[in-house]
Amino acid sequence: LMKPIADPRYSEASAPPQISRFLLQHVAELGRDPAMLCRGLGFEPDDLKKPDYRLSYRQSYLLVRRALHSLGDSGLGLAVGHRQTAVSWGLVGMAMLASPTLGEALDLAIRYQRHTGALLDYELQMHNGRCRVLASTRFFDPEVAVFYLEEAFASALAIVRHLSGRDLILDRIELEYPRPPHWQRYAEIFRCPVKFGAGHSLIAFDARWLELPLPTSDDYVAAEIAEMLDSARWEQQGSSDLIETIQREVRKSLGRPPQLAELAQQLNLGERTLRRRIDEAGLSYHGIIDSVRRAKALALLSHRDSRLIDVASETGFSDVRNFRRAFKRWTGVTPRTAKQRIAQSD
């Protein structure tokens, strides 16, 4: 087995359990016993209904893996995601409903993504009059990556339609994994072109969507909820939010990650303050860069036709030998061995 994932957030009970809660609701609707799936994971279905209850990524991952094996349903993420509404995202969803436009609602969702229970990392980009939302897996768990991406994109589209009151259709979807056996179900849910094996995961839509006014807009409620989200109750999230922001900036330019001083300037922080905040999270800037490169390398190696020279280049290495040494330091195995093990887990 590869080395355990080093990121301490993997085992920290820090994420609202929204996705796990909806998964267990779906399991119950299928006539299965949700309590059986939770046995030995450190929580029961009723725990997920408690305010402020948190799960670790590891607990969520194990629950999803059990559900996939138990139900034998490879399109489980689509089933769990496509029926959600803005309310499914808790306080953040309520603030989105009160936002004046769809664009402001989406900006709010990106800003407070941790509070929605998101188990992926999201980034909003503008590109040639089109808006793109990129999603990346925070940890490399090939068994459940498809579930999380399916759930993310199906719920995002369902929530955008719920917010706008319109049957909006995406331009396209691109997904990093190969075409799954249930690929035809994507046409039913998304009704837009879907490209598999793209090397990244994104949804693209017309930027004019951002200007759509929301019928449930209420400036007072939006301001009130934003104040709650920014209050002391949420301050413990500040450190991990900062780390995730750093990871997103590093991900944009893996070939030449910004110097710490450059990054501090981008984030409007002093360099010493940024270094201290990273230290307080138990990390180092070099370690954060390594973790992003490692995740990218593992994602690329999951493609059967990936070449080592291309994986090295896309993760910021000009020399394959240096990449091979770094990869073995990260995982304990060579890229070739990792690629074989990933293929065996498919």
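Residues numbered from 1 in each chain as written. Predicted model: local features only at pLDDT ≥ 70, side-chain atom pairs only at ≥ 80, totals over all residues. Heavy atoms only, no water.

Among the eight residues in strand 2 (residues 130-137), six count as buried, and that is most of the element. Where strand 1 (residues 120-127) and strand 2 come together, eight bridges link them in antiparallel fashion. Of the residues in strand 2, the one forming a bridge with His127 is Arg130. Hairpin connection between strand 1 and strand 2: a loop of two residues separates the two successive antiparallel strands, and Asn128 in this loop has a positive phi of roughly 50 degrees. Note that strand 2 and strand 5 (residues 202-206) share five bridges and pair antiparallel. Within strand 5, the residue paired with Arg132 across the bridge is Ala204. (Buried < 20%, exposed > 50% of the residue type's maximum accessible area, 1.4 Å probe, protein only. Helix = DSSP H or I, 4+ residues; strand = E, 2+ residues; numbered from the N terminus. Pairing = 2+ DSSP bridges.)

This paragraph deals with the pairing of strand 5. Regular strands have side chains that alternate between both faces of the sheet. Strand 5 sits mainly inside the fold: five of its five residues count as buried. In this structure, strand 3 (residues 172-174) lies alongside strand 5, joined through three bridges in antiparallel fashion. What sits directly across from Arg172, in strand 5, is Ala204.

Considering all chains together, one arrives at 17 salt bridges under this definition. A salt bridge links Lys252 to Glu123; the nearest nitrogen and oxygen atoms lie 3.9 Å apart. Within this pair, whereas Lys252 is found in helix 10 (residues 238-252), its partner Glu123 is found in strand 1, the two being separated by 129 residues in sequence. Residue class for Glu123 comes out buried when judged on its relative accessible area of 12%. One salt bridge connects Arg161 with Asp167, and the closest N-O pair in it is separated by 3.4 Å. The exposure class assigned to Arg161 is buried, which follows from its relative accessible area of 17%. By relative accessible area, which is 52% here, Asp167 ends up exposed. (Salt bridge = Lys/Arg side-chain N within 4 Å of Asp/Glu carboxyl O.)

Here we come to the sheet that holds strand 5. A sheet is described by the order of its strands in space; here five strands give the open sequence 1-2-5-3-4, paired in mixed fashion. Two strands bound the open sheet, and with one partner strand each, they are strand 1 and strand 4 (194-195).

All right, on to empty space enclosed by the protein then. On inspection of all chains with the given rule, the structure shows two cavities of 30 Å³ or more. Lining the largest cavity are 31 residues; nearest its centre among them are Trp89, Ala109, Tyr122, Ala152 and Ala156. If you list the elements that add at least two residues to the lining of the largest cavity, you get helix 1 (18-29), helix 6 (102-111), strand 1, helix 7 (142-164) and strand 5. At nine residues, helix 7 tops the list of elements feeding residues into the lining of the largest cavity. Its residues assigned to classes, the lining of the largest cavity shows 24 nonpolar, six polar and one charged. Together, Ala15, Pro16, Pro17, Gln18, Ile19, Ser20, Leu55, Ser56, Ser60, Gly117 and Leu119 line the second largest cavity. The element contributing the most residues to the lining of the second largest cavity is helix 1, with three residues. Per-class residue counts for the lining of the second largest cavity are six nonpolar, five polar and no charged. (1 Å grid on protein atoms, 1.4 Å probe; cavity = no way out; pocket = protein on both sides within 12 Å on 5 of 7 lines; lining within 4 Å. Points joined across faces, edges and corners; volume = space filled by probe spheres on them. Nonpolar A, V, L, I, M, F, W, Y, C, P; charged D, E, K, R; others polar.)

Quick look at the side chain of Ser306 now. With respect to the secondary-structure elements, Ser306 resides in the loop between helix 13 (285-301) and helix 14 (308-314). In this structure the side chain of Ser306 is engaged in a polar contact, spanning 3.2 Å, whose partner is the backbone oxygen of Leu300. Here the side chain of Ser306 touches Lys339 through a polar contact of 2.7 Å, side chain to side chain. Those residues within four positions of Ser306 in sequence are excluded, and the remaining contacts are Leu300, Leu301, Val311 and Lys339. (Polar contact = N/O pair within 3.5 Å; in protein donor to acceptor, adjacent residues only side chain to side chain. Contact = heavy atoms within 4.5 Å.)

No statement about biological role is implied by the geometric values presented.
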